[in-house]
There are 2 protein chains.
Amino acid sequence: MRTITDPAEFQSLCLDWRAKGVRLGFVPTMGYFHDGHLSLMDAARAETDRLAVSIFVNPTQFGPSEDLAAYPRDMERDTALARERGADVLFTPSPEAMYQGPEVWVDVPEVSRHLCGASRPGHFRGVATVVAKLLLLAMPHLAVFGEKDRQQLAVIRTMARQLFIPTIIKGHSIVREADGLAMSSRNVYLSADERAMAPMIHRGLTALRDDLAAGERDVKTLLARLRERYGRTLPLGEVDYVEIVHPETMTPLSMVTGPAVAAVAVRLGRARLIDNIELTPS
Amino acid sequence: MRTITDPAEFQSLCLDWRAKGVRLGFVPTMGYFHDGHLSLMDAARAETDRLAVSIFVNPTQFGPSEDLAAYPRDMERDTALARERGADVLFTPSPEAMYQGPEVWVDVPEVSRHLCGASRPGHFRGVATVVAKLLLLAMPHLAVFGEKDRQQLAVIRTMARQLFIPTIIKGHSIVREADGLAMSSRNVYLSADERAMAPMIHRGLTALRDDLAAGERDVKTLLARLRERYGRTLPLGEVDYVEIVHPETMTPLSMVTGPAVAAVAVRLGRARLIDNIELTPS
């Protein structure tokens, strides 16, 4: 496995592969790998000839009061894990290399409006911009993103489709701990008490799905029950949002009459955790 | 020459060429060709194996009170001219094909701030977005743009470089009528009187360059003289802006101490005409 920090060198390698007809799979990440990341690598590897992984803690997607400086990093361990998982190249650029010269932004305003976009102004502009850059550097056949960051996936899918980036954007299902907590690099922020309570985030979503299956279609009612449940089972948590949205545009729905996504963000101690579940009324 | 309206078909053809090692030259236009456009095609053709030309009157770069509906069009003549000039493919998409689904914008705020960007809010966001889409569809080796739209060229160069689009962006010098008027599709808007006066736009810029050569470096002084000259020689015209800016960032300068660009926009009857000249203090 080669490790490359220079964007031009990374692009040259990837374009060379493309010119030779090699199908490249790509997994862009912020590092500090857990099984979720590794499953994305496996998914990309399974459908392509070469695997590129990037690690870049992208400053432009963090707000001024967010955890950019504290975001967990372990490049040595990540490098070993990427190699073990069969990556052919690991791309680890510096912020200066990714952002040089006058500003250029890629913005996906409609899909970014709600959920995390409302709580984190500018976050998805940073995500869309850096992922556009990374995709245009790697120009992969396939790029894989985790469905935990469901709105991020919708933003990236929209961006890639509207800009005609010739890459298949694939979502990969959420990898969870045995007790149901969605894996996240930010789970390391949790105290023991918070960690014990954290699986209730997912439990609330499955209960909501059960309510839907039992016939409740009204979003206000479904979300009021979810908030009530979180109040009981997650006393240390503070709900940032609970929403039921369209699976592609991420706009809030009032009734669940077709495929939808229930998405939540909860502050638990130092961590802000997100999770979601697909809903399909029978 | 093939004419293609479907973006997917155009992209597939161009990616196929790229995979075969064919060097593609690309000239994106809004059509209604004059010799300026044709010289861009010649410049692209000279350095590549295949030539793609696009005609797309991009709605998102026109303001609500601008000339989108009136913008001159002649697809039949343009098609014949592109064929004569050796184009291998002419891409003529519909607005619906270029803009479908939730909005995505590419913005280059710093380079877009002054000159035409100040007079035409949103104009360069529309330009940067559509050119990003066109470049990603064609993925050419080389794309050629006219230097008459000097700020547009700077916006596109910045956009392509910052997004790592693997295309050489080449500027081509302004093609002028015998009397010095910069060729523009919008020159058809001019009445006979206005047309007779229009060469004074360029004449003012060469006089400014002469003032610089004679030792005047102060931008305020140079621009005051230019305004005064336009007042005398262009009585039918209304100056939108006269500026001397940095050649890459397009930010106004106060002294000319290195390479710079003098740029003007003048309203003359129904037409808004732009022109510019490179300055290099000796």
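Counting starts from 1 at the beginning of each chain's written sequence and moves along it residue by residue. Labels are handed out in written order, letters beginning with A for the chains and numbers beginning with 1 for the ligands. Only residues with pLDDT of 70 or above have their local features reported here, since the model is predicted, and side-chain atom pairs are shown and tallied only from 80 upward, although totals for entire chains, interfaces and linings are computed over all residues. Hydrogen atoms and water are omitted, and side-chain values are computed over all heavy atoms in the structure.

## Description of empty space enclosed by the protein
Residue and element names in this part refer to chain B. For cavity detection a 1 Å grid was placed over the protein atoms alone, and a set of points counts as a cavity when a 1.4 Å probe fits there but cannot get out; an open set counts as a pocket when protein lies on both sides within 12 Å along at least five of seven lines, with lining residues being those that have an atom within 4 Å of a point. Grid points are joined across faces, edges and corners, and a volume is the space filled by probe spheres set on the points. A full pass over the atoms with the stated rule returns three cavities of 30 Å³ or more. Empty space within the largest cavity amounts to approximately 780 Å³. Contributing to the lining of the largest cavity are 46 residues, with H37, Y71, K148, D149 and Q152 lying nearest its centre. Numbering goes from the N terminus for both helices and strands, where a helix is a DSSP run of H or I of at least four residues and a strand is a run of E of at least two. For the lining of the largest cavity, the elements supplying multiple residues, two or more each, are β2 (24-29), α2 (35-46), α6 (123-138), β6 (142-146), α7 (150-162), β9 (260-268) and β10 (271-279). Counting residues per element, the lining of the largest cavity draws most heavily on α6, which supplies six residues. For this classification, the nonpolar set comprises Ala, Val, Leu, Ile, Met, Phe, Trp, Tyr, Cys and Pro, the charged set comprises Asp, Glu, Lys and Arg, and every other residue, Gly included, is treated as polar. The residue inventory of the lining of the largest cavity, partitioned by class, reads 22 nonpolar, 16 polar and eight charged. Annotation comment: domain bounds sourced from an automatic or database domain assignment. Of the domains in this structure, domain 1 (2-172) and domain 2 (185-279) are the two that each give at least three residues to the lining of the largest cavity.

## As for the interface of chain A and chain B
A contact between two residues is defined here by any heavy atoms of the two lying within 4.5 Å. Contacts between the two partners involve 31 residues from chain A, matched on the other side by 31 residues from chain B. What gets called buried area is simply the loss in accessible area from a 1.4 Å probe that two parts show on being joined, summed for both. A combined buried area of about 2,700 Å² lies between chain A and chain B, and 67% of that area is made up of carbon and sulfur atoms. Salt bridges are defined by distance alone: a side-chain nitrogen of Lys or Arg within 4 Å of a carboxyl oxygen of Asp or Glu. The tally of links between chain A and chain B comes to zero salt bridges. Polar contact is the term for a pair of N or O atoms within 3.5 Å; when the atoms are in protein, one must be able to donate a hydrogen and the other to accept it, and sequence-neighboring residues count only if both atoms are side-chain atoms. At the boundary of chain A with chain B, the tally comes to 12 residue pairs in polar contact (both at pLDDT 80 or more). Contributions of two or more residues to the side of chain A that touches chain B are made by α1 (7-19), α4 (95-98), β5 (105-107), α5 (109-112), α7 (123-138) and α8 (150-162) of chain A. Counting residues per element, the side of chain A that touches chain B draws most heavily on α1(A), at five residues. Whether two strands pair comes down to DSSP finding at least two bridges between them. Inspection of the sheet shows β5(A) paired to strand β5 (residues 105-107) of chain B by three bridges, in the antiparallel sense. Paired with A:V106 across the bridge in β5(B) is B:V106.

## As for the sheet that holds strand β3 (residues 50-55) of chain B
Working definition: the strands of a sheet are paired by backbone hydrogen bonds and lie parallel or antiparallel to each other. Residue and element names in this part refer to chain B. Sheet architecture is open: six strands sit in the order β1-β4-β3-β2-β6-β7, paired in parallel fashion. What marks the edges here is a single partner per strand, and that holds for β1 (2-4) and β7 (168-172). With strand direction ignored, the average angle separating the axes of adjacent strands in the sheet is 25°. In this structure, β2 lies alongside β3, joined through six bridges in parallel fashion. By the bridge assignment for β3, V27 is matched with V53. Angular values range over 0 to 180 degrees, each being the angle between N-to-C directions of two axes fitted as lines to C-alpha atoms, with helices fitted over their stretch in contact.

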